Amino acid sequence: MSAPSVPPNAGQIMGAVQRALRGLNIGSTEAVRILSWANNETPAIYDRDQTAYLVLGSYRDPYLRRVRAVSDRLNRRYGTYAFLIGDLTDIDIPRLPEFRVKFHITATLSDYVAAVFEQDAGGEVNELGKVGETEYFEKAYAFPRAYHWETEAHLTDERAVLAAAAQLMAATDIDEEAKTAELEALVECAKQADIDITVDGLVDKLEEQEIEVPSYSWVHLNDFRLFELHSRCYPWTTKDELLDATDELPGVPRPGWEQQ
């Protein structure tokens, strides 16, 4: 019986596994199974003749439909392979955290990571932490639903400031003192953008107006702001806006005839 085939980048793949498992020793059988899986599932990712996009997001309906729409949109480009981790087969490694292994291998091999966020709960919270705190950040792009810009460059008018303030007030896992401090910082950014408003004025206007925003956690908002500061945050509200934002990702664009 012949031995399982080993992928040409086995060292890179096992390095990703070590990052996933924090240096945990794995058995020879587990290593063989991981490399065999990688040999079958990952060649399309590291094929240098095409651009590979790992697409992250919730696998629950209706969120999955929009995550899948991003993947489908990217696959319309020439020489592109966009995929979800859920598209890949399982690895027979019951002792180990399989998702972590899959995530680190695919994120390592992909050219870009596109992450769609719509809520403050579920597996995508974990994924946001993974792309925000690892070496994958440099290749990652965030697509948060209904996120409102918080930095000076994007505060174009009073309505934008109000929306950002409403978002801060709706944030979970943050106390009132911290919210007040954030509102004060937001007002300072608004003043730099020549928008004359005070914290008291913001609070009064928020009480007068109903502005619907997702109740993202404070951790979410901080990570979205980091992506925003790096010009890799693409807020959206409708599916069409999400797909238009997807077209802004680097790589080979969609064919001209398809965009007409």
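Residues numbered from 1 in each chain as written. Predicted model: local features only at pLDDT ≥ 70, side-chain atom pairs only at ≥ 80, totals over all residues. Heavy atoms only, no water.

### Observations regarding the overall build of the protein
Thought 1: A tally of regular secondary structure across the protein gives 12 helices and four strands.
Thought 2: Looking at the protein residue by residue over its 260 residues, the buried ones come to 48%.
Thought 3: For the protein, contacts bridging at least 24 residues in sequence account for 77% of all contacts bridging at least 6.
Thought 4: Carbon together with sulfur atoms contributes 48% to the accessible area of the protein, which is approximately 12,800 Å² in total.
Thought 5: Looking at charge distribution, the protein has the averaged site of its 25 positive side-chain charges lying 8 Å from that of its 45 negative ones. (Helix = DSSP H or I, 4+ residues; strand = E, 2+ residues; numbered from the N terminus. Buried < 20%, exposed > 50% of the residue type's maximum accessible area, 1.4 Å probe, protein only. Contact = heavy atoms within 4.5 Å. Areas by Shrake-Rupley, 256 points an atom, 1.4 Å probe, with all protein chains shown as cover. Lys, Arg positive; Asp, Glu negative; His and termini not counted. Charge placed at Lys NZ, Arg CZ, Asp CG, Glu CD.)

### Re the pattern of salt bridges
Thought 1: Throughout the structure, instances matching the rule amount to 16 salt bridges.
Thought 2: With a shortest N-O distance of 3.4 Å, Glu158 and Lys205 are connected by a salt bridge. Of this pair, Glu158 sits in helix α7 (residues 158–170) while Lys205 sits in helix α9 (residues 199–208), and the two are 47 residues apart along the sequence.
Thought 3: The network of salt bridges with common partners includes Arg66, Glu118 and Arg145. (Salt bridge = Lys/Arg side-chain N within 4 Å of Asp/Glu carboxyl O.)

### Structural notes on the packing of helix α8 (residues 176–192) against α9
Any two packed helices are characterised by the angle at which their axes cross and by the distance between the axes.
Thought 1: Where α8 meets α9, the closest approach of the two axes is 9 Å, and the angle between their N-to-C directions is 105 degrees. Judged by the inter-axis angle, α8 sits roughly perpendicular to α9. Contacts from Leu183, Glu184, Leu186 and Val187 of α8 reach α9 at Val199, Leu202 and Val203. (Axes fitted to C-alpha atoms, helices over the stretch in contact; angles between N-to-C directions. Parallel < 35°, antiparallel > 145°, perpendicular 65-115°, else oblique.)

### A look at the sheet that holds strand β1 (residues 51–56)
Thought 1: Strand order in the open sheet formed by four strands is β2-β1-β3-β4, with parallel pairing between adjacent strands. Taken across any chain shown, the strands that pair with only one partner, and hence form the sheet edges, are β2 (80–83) and β4 (140–144). Recorded for the sheet is a direction-independent mean angle of 20 degrees between the axes of neighbouring strands.
Thought 2: Pairing of β1 with strand β3 (residues 112–117), which is carried by four bridges, proceeds in the parallel orientation. Considered in β3, the bridge of Tyr53 is made with Tyr112. (Pairing = 2+ DSSP bridges.)

### What about the nonpolar core?
Thought 1: In this structure, Ile34, Ile105 and Leu202 are the most contacted members of the largest nonpolar core, which totals 63 residues.
Thought 2: In this structure Ile105 touches Ile13, Ala16, Val17, Ile34, Trp37 and Thr42, once residues within four positions along its chain are discounted.
Thought 3: Core analysis: the next-biggest nonpolar cluster, separate from the first, contains 16 residues, Val116, Tyr234, Leu242 and Leu249 among them. (Core = buried A, V, L, I, M, F, W, Y, C linked by side-chain atoms within 4.5 Å.)

### Some thoughts on α7
Thought 1: Helix length check: α7 (13 residues) gives 18 Å between terminal C-alpha atoms against 18 Å at 1.5 Å per residue, within 8%.
Thought 2: Buried within α7 we find Ala160, Val161, Leu162, Ala163, Ala164, Ala165, Ala166, Gln167 and Leu168.
Thought 3: Buried-residue contacts for α7 involve α8, α9 and α10 (218–229).
Thought 4: For α7, the N-terminal cap is Asp157; the gap from its side-chain oxygen to the backbone nitrogen of Arg159 is 3.2 Å. (Expected span 1.5 Å × (residues − 1). Polar contact = N/O pair within 3.5 Å; in protein donor to acceptor, adjacent residues only side chain to side chain.)

### Observations concerning the side chain of Asn9
Thought 1: Checked against the element boundaries, Asn9 lands in the segment before α1 (10–20).
Thought 2: Its relative accessible area of 13% is what places Asn9 among the buried residues.
Thought 3: Sequence-distant contacts of Asn9, that is, excluding residues within four places in its chain, are made with Tyr46 and Leu109.

### Quick word on the pairing of β2
Thought 1: Across four bridges, the pairing between β1 and β2 is parallel. Residue Ala52 lies in a different strand from β2, and its bridge partner there is Tyr81.
Thought 2: With helix α4 (residues 63–74) bridging β1 and the parallel β2, this β-α-β connection has right-handed handedness. (Right-handed = clockwise from strand over helix to strand, strands pointing away.)

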